[in-house]
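So you can see what is in the structure, the chains are spelled out below.
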Amino acid sequence: MPTPGRQMHLGVFVLGTGNHIAGWRYPGAAQSFEDLAVVQQIARIAERGKYDLIFIGDNLASEPGMHPSYAARFEPLTKLAALAATTTHVGLGATASTTYNEPYNVARAFASLDHLSGGRAAWNAVTSSGGLAAENFGRIHPEHDARYEIAEEFVDVVRGLWDCWDDGAVVRDHATGQYIDPAKVRPLHHQGRFFKVRGPLSTSRTPQGQPIILQAGSSGPGLALAARTADVVFAVVQDLDEAKDGYAALKSRMPGFGRHPDEIAVLPGVMPVIGRTDAEAREKLNTLQGFVNSDNARSMLASRLGIDVAGFPPDDLVPDLPLPDSSHGFARAMLAKARRERMTWRDMFNLAGAARGHWVICGTPEAVADTLQQWFEARACDGFNILPAYFPGAFDDFVDMVVPILQERGLFRQDYAGTTLREHLGLARPPSRLFAP
Ligand SMILES: Cc1cc2nc3c(=O)[nH]c(=O)nc-3n(C[C@H](O)[C@H](O)[C@H](O)COP(=O)(O)O)c2cc1C
């Protein structure tokens with residue numbers, strides 16, 4: 001049943017060369033993820049579309065065969081700091097790993113971005129699925145569930161550090177010469193299984209109180225971490241019923257952590273390929289798929305399934321496979337689709353090449369809007385993380401053709417009602433828990 005007044009939240013997954021693995025080969029497409037002008041243009045389009053947030057992922061390793069925007073990219077917070085200066089409303093989300101960082105550095109970086117952007121920062125807390133990163137840190141990659149045990153404590157320390165400063169701590173009293181009121185700054189004195197952090201942070205309380213926390217894991221431990229700490233969850237979906245089950249599973253865990261289910265916005269990733277007619281949309285998708293270089297697609301599929309897929313005969317059916325240590329969410333959704341649709345390895349390469357395992361929809365603006373509305377009203381999600389196949393054209397298509405339909409139907413905001421990401425998401429600004437009476 002539609003809830004009157006309930007509206008979608010929209011994010012955009014930013015990869016300069018497009019979300020499609022070969023999107024950069026599409027005529028007119030941006031060619032680089034290392035070009036500030038490209039992401040500035042994407043952010044401008046997002047604000048024109050009244051988007052909640054733009055999202056920039058990250059990994060800590062590179063290989064030439066990867067998705068081009070994985071292989072050659074900037075450190076995301078540096079890029080978002082630049083975007084903070086050229087945008088006014090859109091939320092700015094980036095990934096930082098809980099396995100290959102220190103909480104103090106992460107807390108400080110996102111607190112700084114929240115100040116720089118006037119309350120628009122969001123941290124995607126990921127456990128880092130690929131073991132390749134370990135080799136850049138001289139470490140052994142912890143196994144899946146151990147990574148989440150570290151992440152649970154990591155997120156608590158980051159949030160604790162954000163709470164070390166109360167509002168109004170910076171007094172700048174010219175008469176007394178007092179700059180900071182020491183009664184409003186406290187150390188954290190955290191000592192846990194993995195981290196020992198004194199605090200306080202060297203950045204004062206931020207405009208949002210706490211920057212927004214994004215999460216994208218959908219294994220058991222991933223859902224538990226999200227239910228306890230996340231504000232926005234990126235889901236991997238391929239099927240409406242599965243998405244509804246995943247949504248209900250996450251939301252039903254929240255009361256156990258003293259949270260209301262509306263305190264998380266679940267945004268599945270979707271690549272909309274839009275044409276004036278259904279045939280035109282199909283042709284666009286076929287053109288994109290024709291650009292897929294099988295090495296890239298194989299490397300992406302191997303990372304999603306956690307196995308070497310090089311020797312598999314393209315016409316063989318995909319068998320049932322165990323979920324990999326790297327990431328449960330993608331493998332589960334892709335393997336379930338393979339089972340349902342009796343997919344071959346060739347189909348699987350194409351799926352990985354298109355949207356990296358995310359859902360692809362293809363059609364006219366009305367048909368795309370209808371599908372998104374159906375999923376939203378069926379409580380499979382609270383909005384979408386849109387994955388344009390290439391930039392800027394495929395993002396322009398969505399913002400100029402689909403967003404107006406969603407707005408006309410009352411499913412999406414006509415304009416921003418606030419300036420912070422928390423306000424866009426309808427979330428209250430939390431008081432510091434260290435100073436709670
Ligand atoms: C939309 C989306 C974005 C993600 N972005 C990143 C990322 O930037 N870096 C990363 O290491 N993992 C990223 N991941 C992976 C997950 O955050 C998660 O760590 C991984 O899927 C393992 O979780 P699971 O086994 O609980 O599903 C992303 C996943 C999704 C669905």
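Cut-offs and rules
Residues numbered from 1 in each chain as written. Predicted model: local features only at pLDDT ≥ 70, side-chain atom pairs only at ≥ 80, totals over all residues. Heavy atoms only, no water. Helix = DSSP H or I, 4+ residues; strand = E, 2+ residues; numbered from the N terminus. Rg over C-alpha atoms; globule rule 2.2 N^0.38 Å. Buried < 20%, exposed > 50% of the residue type's maximum accessible area, 1.4 Å probe, protein only. Axes fitted to C-alpha atoms, helices over the stretch in contact; angles between N-to-C directions. Parallel < 35°, antiparallel > 145°, perpendicular 65-115°, else oblique. Left-handed = near helix turned anticlockwise from the far one by under 90°. Contact = heavy atoms within 4.5 Å. Nonpolar A, V, L, I, M, F, W, Y, C, P; charged D, E, K, R; others polar. Near = heavy atom within 4 Å. Polar contact = N/O pair within 3.5 Å; in protein donor to acceptor, adjacent residues only side chain to side chain. Areas by Shrake-Rupley, 256 points an atom, 1.4 Å probe, with all protein chains shown as cover. Disulfide = S-S within 2.5 Å. Salt bridge = Lys/Arg side-chain N within 4 Å of Asp/Glu carboxyl O.

Enquirer: Break down the overall build of the protein chain for me, citing the residues and quoting the values.
Expert: Along the backbone of the protein chain there are 14 helices and 13 strands. Its C-alpha atoms give the protein chain a radius of gyration of 21 Å, near enough to 22 Å, the size a compact globule of 437 residues would have. Dimensions of the protein chain, computed from C-alpha atoms along their principal axes, come out at roughly 75 × 50 × 45 Å. Taking all 437 residues of the protein chain together, the buried fraction comes to 56%.

Enquirer: Quick one: what's the story with the packing of helix α1 (residues 36–48) against helix α3 (residues 76–84), residue by residue and with numbers?
Expert: The geometry of α1 relative to α3 is characterised by a closest axis approach of 10 Å and an angle of 60 degrees between their N-to-C directions. When the axis of α1 is compared with that of α3, the two are oblique. In this structure, α1 meets α3 at a crossing whose hand is right-handed. Residues Leu36, Val39, Gln40 and Ala43 of α1 lie in contact with α3, whose contacting residues are Lys79, Ala82 and Leu83. For the contact of α1 with α3, the per-class residue count stands at five nonpolar, one polar and one charged.

Enquirer: Any chance you could break down the site of the ligand for me, citing the residues and the numbers?
Expert: Neighbouring the ligand are 24 residues, the closest being Asp58, His144, Tyr148, Ser219 and His328. Taking Tyr148, its side chain carries an N or O atom lying 2.7 Å from an oxygen atom of the ligand. Protein coverage of the free-state accessible area of the ligand, which is 630 Å², stands at 92%. Among the elements of the structure, β4 (121–126), α5 (144–162) and α10 (328–341) are those that each provide at least two residues to the shell around the ligand.

Enquirer: Please give an account of the state of the cysteines that cites residues and values.
Expert: The final tally for this structure, using the stated rule, is zero disulfides. Lacking any disulfide linkage, Cys381 is separated from the closest cysteine sulfur, that of Cys362, by 19 Å.

Enquirer: Tell me about the pattern of salt bridges, and name the residues and values.
Expert: Once their charged atoms are close, side chains differing in charge can pair, the charge on each being opposite to the other. Taken as a whole and assessed by the stated rule, the structure comprises 26 salt bridges. Its salt-bridge partner being Glu280, residue Arg276 comes within 2.7 Å of it at the nearest N-O pair. A relative accessible area of 26% means that Glu280 is categorised as partly exposed. Salt-bridge contacts for Asp370 lead to Arg409; the nearest nitrogen and oxygen are separated by 2.9 Å. Separated by 39 residues along the polypeptide, Asp370 in helix α12 (residues 365–377) and Arg409 in the loop between α13 (393–408) and α14 (421–425) bring together distant segments of the chain. According to the relative accessible area criterion, Asp370 is partly exposed, its value standing at 40%.

Enquirer: Tell me about the side chain of Ser326, and name the residues and values.
Expert: Tracing the sequence through the fold places Ser326 in the loop between α9 (294–305) and α10. Among the residues examined, Ser326 registers a relative accessible area of 16% and is labelled buried. Residues in contact with Ser326, not counting those within four places in the same chain, are Ser129, His144, Arg147, Ser303 and Gly306.

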